[in-house]
Amino acid sequence: MNKRSPLKILALCSTLITGALLLYGTKDFPAWGDPNSPASAHLSPHIIENAAKTTNAPNLVTAVLGDYRGYDTMFETVVIFCAGIAVTAILRRPRS
Amino acid sequence: MKRLQEHFEVHDPNLNLIIQTSIRILVPFVQLFGLYVIVHGHYSPGGGFQGGVILGASFILMGVGYDLKKSMELFPEAWNIAMANLGTTIFVGTGLVCAAAGGLFLDYGALSNWIGIEPAAWRSLGIFAVEAGVGFTVTSVMLSLFWDLSSRGELDGGL
């Protein structure tokens, strides 16, 4: 059968170590839904109080996605666009 | 004779009639609902991504029920590519226009420097423009992914 190359074993080891470090890091996260976490204590009250007034959008999710985090949404769109372009460039060979 | 039998096993005419008729009835409502989800994103769950997927699914439904040619008649390939580009351009262009009006990138409120309605109204309009751009891109990319993946990129028969 196929021999395991040392590079693959190295890759496996580095993946496992990185994963273990990331899992270890999640121990320091605030508990899920913790009212005293920084996000719940500072960001959420600000958005809940001001978003509807400053954006005229009663749906806070839309206000956050479209305005407060517009940059994030922009690159989500660009990612989808790039995926479409890549599939088109690789696969499309019309038989016309 | 055998080929005819095979043909009718694959393309059962009665089955096709039922499917195609129900899809023809269904598609306008699906498209209307997709537009509603995009436009009503300010007030209810929804927005560009979800509405775009629903709109794209309506064209995919035409492609499944009939064939790829039918869905490419409704939404030509060139328009599809143009719309995907247009959507992304609307999004980035909105941000650039805001920057040109003296604010930050994607800071829609800054447009009140040019046309003096209050910043909150501009932010609402800006969110809508951005969601519309997302909807355009997602609709056409969904459909183009379906075309390419279902016909191995040859765009002839489809499923």
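Residues numbered from 1 in each chain as written. Chains lettered and ligands numbered in written order. Predicted model: local features only at pLDDT ≥ 70, side-chain atom pairs only at ≥ 80, totals over all residues.

*Asks:* Honestly, the overall build of chain B in this entry has me stumped. Any pointers?
*Replies:* When its secondary structure is counted, chain B shows 6 helices and 0 strands. Moving toward the C terminus, one meets the helices and strands of chain B in the order α-α-α-α-α-α. Burial statistics for chain B: of 159 residues in total, 38% are counted as buried. Partitioning the contacts of chain B with sequence separation of at least 6, the portion at a separation of at least 24 is 61%. (Helix = DSSP H or I, 4+ residues; strand = E, 2+ residues; numbered from the N terminus. Buried ≥ 20, exposed ≤ 12 C-beta atoms within 10 Å, placed from the backbone. Contact = placed C-beta atoms within 7 Å.)

*Asks:* Got a minute to help me understand helix 4 (residues 70–91) of chain A in this structure?
*Replies:* Think of an α-helix as turning once every 3.6 residues; residues three or four places apart then point the same way. Residues and elements named next belong to chain A. Taking 1.5 Å per residue, 22 residues should reach 32 Å; helix 4 reaches 32 Å between its end C-alpha atoms and fits that length. Looking at helix 4, one finds that the buried residues are Gly-70, Thr-73, Met-74, Thr-77, Ile-80, Phe-81 and Gly-84. Each buried residue of helix 4 lies within a common arc of 125 degrees when the element is viewed along its axis, so the set occupies one face. Projecting away from the buried face of helix 4 at angles above 90 degrees are the exposed residues Tyr-71, Asp-72, Val-79, Ala-86, Ala-89 and Ile-90. (Expected span 1.5 Å × (residues − 1). Arc of directions from axis to C-beta.)

*Asks:* What should I look at first to understand the interface of chain A and chain B in this one?
*Replies:* By a widely used convention, the size of an interface equals the accessible area lost when the partners come together. Contacts between the two partners involve 28 residues from chain A, matched on the other side by 32 residues from chain B. Of all the secondary structure elements, the ones that give two or more residues to the side of chain A that touches chain B are helix 2 (38–55), helix 3 (60–68) and helix 4 of chain A. When residues of the side of chain A that touches chain B are assigned to their parent elements, the largest contribution, 13 residues, is made by helix 4 of chain A. Of the residues assigned to the side of chain A that touches chain B, the class counts are 12 nonpolar, 11 polar and 5 charged. (Nonpolar A, V, L, I, M, F, W, Y, C, P; charged D, E, K, R; others polar.)

*Asks:* In this structure, what is going on with the nonpolar core? I would like to understand it.
*Replies:* Generally speaking, nonpolar side chains in soluble globular proteins are found buried as a group. Of all hydrophobic cores here, the largest spans 37 residues; its most connected members are Val-138, Val-141 and Leu-143 of chain B. Secondary-structure elements contributing two or more residues to this core are helix 4 of chain A together with helix 2 (13–39), helix 3 (48–65), helix 5 (77–100) and helix 6 (119–150) of chain B. Considering every element that reaches this core, the biggest residue donor is helix 6 of chain B, with 13 residues. Non-local contacts of Val-138 of chain B, meaning those with residues more than four positions away in its chain, are made with Ile-80 of chain A together with Gly-48, Phe-49, Gly-52, Val-53 and Gly-56 of chain B. (Core = buried A, V, L, I, M, F, W, Y, C linked by C-beta atoms within 7 Å.)

*Asks:* I keep staring at the confidence of the model for chain B and nothing clicks. Help me out?
*Replies:* In low-pLDDT regions, the fine details of the predicted coordinates are not to be read closely. On average, residues of chain B score 86 in pLDDT, and 89% of them are at 70 or above. Per the prediction output, this complex has pTM 0.80; the corresponding ipTM is 0.83. (pLDDT = per-residue confidence, 0-100.)

*Asks:* Looking at this structure, I do not really get the packing of helix 2 of chain A against helix 6 of chain B. What am I missing?
*Replies:* Two quantities define a packed helix pair, namely the angle between the helix axes and the distance between the axes. Interhelical geometry of helix 2 of chain A versus helix 6 of chain B gives an angle of 90 degrees and a closest axis separation of 6 Å. Classed by the angle they form, the pair helix 2 of chain A and helix 6 of chain B counts as roughly perpendicular. Residues Lys-53, Thr-54 and Thr-55 of chain A of helix 2 of chain A touch helix 6 of chain B, and the partners they reach there are Ala-120, Arg-123, Ser-124 and Ile-127 of chain B. Tallied by class, residues from the contact of helix 2 of chain A with helix 6 of chain B come to 2 nonpolar, 3 polar and 2 charged. (Axes fitted to C-alpha atoms, helices over the stretch in contact; angles between N-to-C directions. Parallel < 35°, antiparallel > 145°, perpendicular 65-115°, else oblique.)

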